[in-house]
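Working through the structure, step by step
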Amino acid sequence: MMPRMLGTNAMDDAFAFRRRYETFRSLLKKNSQALQLLADLEADLNFMEHTHADIRRPLWRLVDETLLMAQELNLLSNDRHKALYAVIEDIEARIRSMFDLPATDPERPLAVALGGEPGKATLIGGKAAGLTALMEIAPEHVPPGFVITTAAYRLFIDENRLTERIRLLVDDLGHVKDPDLFRSRLRAARELFINAQVPDPIRAAIATHAAAISDAGHDRWAVRSSAIQEDEDFTFAGQFDSILDVPEAYLVEAYKRVLASRFSERAMAYRLHHGFREIDTSMAVLFMPLVGPRFAGVLYTNTPTKADGGGMLINAVPGLAHEMIKGKVQADTIFLSRAAEPKVLEIVFAADPQSGRPAHDEHPPEPLLTNLGRLAFRIMEASGHDMDLEWVVDTAGKIWLLQGRRLRLPDTDRKEERRLREDTPVLEQGTTIFPGRAEGPVAHVSDKPDPAGVKKGAIVVAQQATPRLAPILPHIGGLLVESGNPVGHLAALAREYAVPCLFNVGKAVWTFAPGSIVSMDATKRRLYRGSQWPGLRERFAQRLAARGRPRASGPLHEAVIALSLIDPHAADFKAKKCRSLHDVIRFIHEMSVRSMFAFGDSQKLPWRRTAVPLVTPIPIKIRLINLDGAVAKRDGDLVPEQVYSVPFQALWRGITSPGVRWDKRPNPTSEALPPDFVEQVMGGGRGPRRVRDTNYFIVARDYVNFNARFAFHYAMVDAVASPWAEKNYVSFRFQGGAAAAPNCERRAAFLESVLRLSDFSVDRRADLVAAWIRYYPLNETQRALEVLGRLMACARELDMVLINDDMVKKYVAFFMSGNMRVFM
């Protein structure tokens with residue numbers, strides 16, 4: 001019997017599909033490369049200026065790759081997306097314009113005298129810029145000093161070749177959940193600075209400027225941080241180190257210690273919370289001669305601890321104020337009228353918390369206090385806003401200003417939660433640091449708590465208001481402190497994080513047992529047992545979920561990194577709506593998948609016979625397209641064991657791992673509805689494949705592509721697994737779900753965590769997850785595919801399960817430990 005031959009039309013169809021497949025495979029490989037370039041650029045832009053050669057080279061390569069992808073998409077779609085060429089051209093022109101701009105600061109000195117560079121906070125840092133502004137208003141009250149600039153910091157980094165080593169240590173710290181690993185990484189980063197050599201030009205600059213000031217009789221120094229952003233929109237209060245009483249011979253070592261403090265645990269937690277890039281907080285260092293103090297302290301030109309404000313607040317101690325600012329020493333508290341000629345309204349002398357006796361033998365005299373108030377009011381009037389001033393009075397009675405920044409006051413106009421009846425408060429005392437209401441479980445903490453051990457939304461009770469509590473502030477509902485200074489570092493941070501907070505509650509605060517529910521009204525200084533304001537904790541959880549998102553910053557962000565085309569089913573998911581290269585890459589990938597499978601679905605009968613049904617436990621229709629003899633001859637149905645494709649078999653091992661199940665969870669509601677209703681009304685119409693559509697495995701001996709629509713989400717795997725590591729890659733994409741958006745995003749967070757722990761690079765935007773690895777050896781590439789097989793099964797219906805953030809962590813731990821039973 002003569003073998004059956006395909007007709008001419010069928011052969012043409014086969015050739016056309018093969019050509020499209022080759023184009024599609026080439027496009028997906030470029031997509032993987034483009035995502036890697038995007039991820040690398042985003043990481044590098046955290047550490048380098050956009051004009052750096054190591055940014056330019058991969059950037060132009062990314063532009064070229066994007067253009068080639070657009071060409072291949074148009075080959076797949078018969079030129080349906082030619083508008084992309086104009087979009088890419090426009091984005092490229094915007095990028096080139098950023099490199100054509102003249103240098104804003106052609107001469108960046110390594111050192112400047114304090115006051116010599118007004119308005120240049122990017123050069124001298126926020127703290128030095130604040131003092132420079134004070135020198136313009138009251139030059140006689142600011143000591144001399146000098147600044148080793150951010151240009152010197154870059155020179156220090158470059159000369160010691162620290163960029164790549166720092167990047168390896170800190171680039172993914174936001175995803176590190178193990179507190180010991182978090183601490184060890186930062187310890188290693190600090191040691192890089194401590195063990196590095198200070199370049200000779202910086203050493204010379206320190207020596208020259210210090211000698212000029214030492215000639216005036218100063219021989220001891222204060223060496224202080226002055227990072228970009230510090231004391232500006234963000235206080236960074238207490239996050240970096242200041243080193244006091246430094247002999248001139250040790251100034252260089254002190255400089256290194258201040259630089260290293262950028263990588264303290266509290267500073268890194270602060271930066272991660274606010275989404276700062278590494279380059280956003282480059283460090284300048286301020287050197288000032290140490291003033292021999294009689295009294296020192298902090299002055300606020302308004303009173304944030306009182307609901308009506310209206311007065312000035314001074315905290316004062318004998319000697320230096322650094323221990324007071326850290327919350328370790330009690331201070332005298334003085335209230336002044338807020339006027340050009342202020343009057344002392346009230347003085348509260350500090351008391352020892354144990355004995356109740358006066359904490360200090362000496363107190364600032366009233367004329368000194370009014371002189372301080374007069375100077376502060378003058379500065380406030382000239383600045384046009386309230387001020388937070390650090391001051392010292394020397395033994396001769398002269399006032400010196402050591403720091404000045406804008407005072408951020410809480411919004412007193414916010415509407416309070418209403419309740420028909422409130423219980424009688426258990427306590428009604430303390431000092432309001434930030435007003436507002438909070439409720440949650442009580443957590444007792446030490447002065448150096450582990451953030452991972454404090455439950456989100458907890459009402460934290462602490463003994464002292466020290467900056468070591470700072471890392472937990474982003475995640476807690478409220479803070480109650482037995483004793484603390486309202487002008488210290490922790491008070492400033494509590495206001496910045498908008499955490500309802502009471503200091504000086506006294507020992508009675510410990511009457512609330514750990515785990516018990518407490519409601520606090522920091523505005524009225526009242527504490528209640530139990531829940532007083534239903535819904536308050538849920539609203540806090542919603543606000544918490546919105547915190548800590550990366551800051552959109554840097555000249556290239558909008559043109560390259562930003563992603564606005566997230567939902568492929570939105571009306572504005574169009575080529576002309578692409579605003580960045582990332583948008584273009586996202587659009588091309590989505591349209592290439594649609595074009596490829598729309599073509600496969602439309603093929604004539606002879607070709608469709610070559611797309612063989614695959615019998616699997618997966619609850620969707622699958623056909624397999626064999627490209628190069630990767631399927632064995634068979635009698636009857638095709639089963640996975642008959643597919644001789646290395647990456648297919650690796651993926652299949654994951655799909656069929658022991659304990660993994662694909663049978664559908666019972667859902668009586670949806671099972672009683674017509675399929676079309678489920679698809680169109682309940683969200684099932686989303687995704688490049690519909691439920692009733694056929695899903696395809698395309699396989700070769702070293703290649704697999706699987707693009708599948710599950711009930712309410714879709715997943716794509718594209719991989720090459722060969723003996724040659726330079727050819728290997730795995731790409732994964734996942735989006736969608738039947739649950740509400742927050743649940744879908746939690747599932748995406750689950751996927752991101754598992755994939756990162758499995759050595760994938762990951763980009764997550766809302767419920768869209770893209771992940772990839774490249775250039776791994778064959779065994780590691782197979783392992784990655786096995787992970788994806790298990791992950792697709794386990795994540796299938798998690799959007800219906802993950803109802804809070806804590807569950808995400810638990811299910812990540814289940815998956816990584818191999819506990820598959822919980823996903824059934």
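Residues numbered from 1 in each chain as written. Predicted model: local features only at pLDDT ≥ 70, side-chain atom pairs only at ≥ 80, totals over all residues. Heavy atoms only, no water.

**Structural notes on the overall build of the chain**
For the chain, the count of helices and strands is 23 helices and 27 strands. Looking at the chain as a whole, 54% of its 824 residues are labelled buried. Counting contacts in the chain only where the partners sit at least 6 residues apart, residues at least 24 apart contribute 65% of the total. Just so you have it, the chain exposes about 35,800 Å², and 52% of that area is on carbon and sulfur atoms. (Helix = DSSP H or I, 4+ residues; strand = E, 2+ residues; numbered from the N terminus. Buried < 20%, exposed > 50% of the residue type's maximum accessible area, 1.4 Å probe, protein only. Contact = heavy atoms within 4.5 Å. Areas by Shrake-Rupley, 256 points an atom, 1.4 Å probe, with all protein chains shown as cover.)

**A short note on empty space enclosed by the protein**
For the coordinates displayed, the defined rule picks out seven cavities of 30 Å³ or more. A volume near 100 Å³ is recorded for the largest cavity. Here the lining of the largest cavity is composed, by residue class, of four nonpolar, three polar and three charged. (1 Å grid on protein atoms, 1.4 Å probe; cavity = no way out; pocket = protein on both sides within 12 Å on 5 of 7 lines; lining within 4 Å. Points joined across faces, edges and corners; volume = space filled by probe spheres on them. Nonpolar A, V, L, I, M, F, W, Y, C, P; charged D, E, K, R; others polar.)

**Considering the sheet that holds strand β22 (residues 695-700)**
Spatially, eight strands are ordered β20-β21-β22-β23-β24-β25-β27-β26 in an open sheet, and the strand pairing comes out mixed. A single partner strand is all that each edge strand has here, and the edge strands are β20 (611-613) and β26 (761-765). For this sheet the average axis-to-axis angle between neighbouring strands, irrespective of direction, equals 15°. Bridge count between strand β21 (residues 622-626) and β22: five bridges; the pairing is parallel. Paired with Arg623 across the two strands is Tyr696, which belongs to β22. Helix α21 (residues 741-757) contacts β24 (713-720), β25 (729-736), β26 and β27 (768-774) of the sheet and is inclined by roughly 170° relative to β26. (Pairing = 2+ DSSP bridges. Axes fitted to C-alpha atoms, helices over the stretch in contact; angles between N-to-C directions.)

**Details of the sheet that holds strand β18 (residues 517-521)**
In a beta sheet, neighbouring strands pair by backbone hydrogen bonds and run either parallel or antiparallel. Strand order in the open sheet made by the eight strands is β12-β19-β18-β14-β15-β16-β17-β13, with mixed pairing throughout. Unpaired on one side and paired on the other, β12 (427-428) and β13 (431-434) mark the two borders of the sheet. Relative to strand β17 (residues 501-503), strand β16 (residues 478-483) runs parallel, the two sharing two bridges. Bridging across to β17, Leu480 finds its partner in Leu502. Strand contacts of helix α13 (residues 489-497): β13, β16 and β17, with the helix running at about 55° to β13, the strand carrying the most contacts.

**Side note on the side chain of Asp388**
Mapped onto the secondary structure, Asp388 falls in strand β10 (residues 387-394). Residue classification places Asp388 among the buried residues on the basis of a relative accessible area of 8%. Residues within four places of Asp388 in sequence aside, it is in contact with Val298, Leu299, Tyr300, Gln403, Gly404, Arg405, Arg406 and Leu407.

**A look at the packing of aromatic side chains**
Taken as a whole, this structure holds 16 aromatic pairs when the rule is applied. Seen in terms of ring centroids, Phe648 and Phe697 are 4.9 Å apart; in terms of plane orientation they differ by 75°. Their pairing is edge-to-face. Highlighted residues: Phe648 in helix α18 (residues 646-655) and Phe697 in strand β22, separated in sequence by 49 residues. Judged on exposure class, the residue Phe648 and its partner Phe697 are both buried. Ring pairs connect the aromatic residues Tyr153, Phe156, Phe193, Tyr255 and Phe263, which therefore count as one cluster. Over the aromatic face of Trp60 sits the side chain of Arg96, whose NZ or CZ is 4.2 Å from the ring centroid. The positively charged end of Lys398 is found above the aromatic ring belonging to Trp400, 4.9 Å away from the centroid. (Phe/Tyr/Trp six-rings, centres within 6.5 Å; stacked < 30°, edge-to-face > 60°. Lys NZ or Arg CZ within 6 Å of the ring centre and 35° of its normal.)

**Notes on a positive patch on the surface**
Together, Lys574, Lys576, Lys577 and Arg579 make up a region of like positive charge exposed at the surface. Relative to the assigned elements, Lys574 resides in the loop between α15 (557-561) and α16 (581-601). Under the relative-accessibility criterion, Lys574 is labelled partly exposed at 40%. (Patch = residues over 30% accessible without salt bridge, like charges linked within 9 Å, V, L, I, M, F, W, Y side chains within 5 Å. Salt bridge = Lys/Arg side-chain N within 4 Å of Asp/Glu carboxyl O. Lys, Arg positive; Asp, Glu negative; His and termini not counted. Charge placed at Lys NZ, Arg CZ, Asp CG, Glu CD.)

**Section: the nonpolar core**
With 95 residues, the main nonpolar core has Ile95, Ile148, Phe193, Tyr255, Phe287 and Val560 as its most contacted residues. Counting 59 residues, the second-largest nonpolar core is a separate cluster that includes Ile618, Val717, Ala719 and Ala793. (Core = buried A, V, L, I, M, F, W, Y, C linked by side-chain atoms within 4.5 Å.)

**Some thoughts on the pattern of salt bridges**
In this structure the tally under the stated criterion is 27 salt bridges. Residues Lys507 and Glu482 are paired through a salt bridge, measuring 3.0 Å at the closest nitrogen-oxygen approach. Placement of Lys507 in the loop between β17 and β18 and of Glu482 in strand β16 is noted, with a sequence separation of 25 residues between them. On the basis of relative accessible area, Glu482 is assigned to the buried category, the value being 8%.

**What to know about the side chain of Thr66**
Its location among the elements puts Thr66 in helix α2 (residues 53-76). Since its relative accessible area comes to 0%, Thr66 is described here as buried. When neighbours within four sequence positions are excluded, Thr66 is seen to be in contact with Ile88, Leu581, Val584, Ile585 and Ile588.

**Quick notes on unusual backbone geometry**
The phi dihedral of Asp759 is positive, around 75°, even though this residue is not glycine. When you line up the elements, Asp759 lands in the loop between α21 and β26. Among the residues examined, Asp759 registers a relative accessible area of 44% and is labelled partly exposed. Phi is positive for Tyr775, close to 65°, though the residue is something other than glycine.

**Things to note about the environment of Pro777**
By the element assignment, Pro777 lies in the loop between β27 and α22 (778-794). Pro777 has contacts with Ala725 and Asn728, leaving out every residue within four places of it along the chain.

**Let's talk about helix α6 (residues 163-170)**
Inspection of α6 places Thr163, Ile166, Arg167, Leu169 and Val170 among the buried residues, and these make up the whole buried set. End-on, the buried residues of α6 take up no more than an arc of 165°, which puts them together on one face. (Arc of directions from axis to C-beta.)

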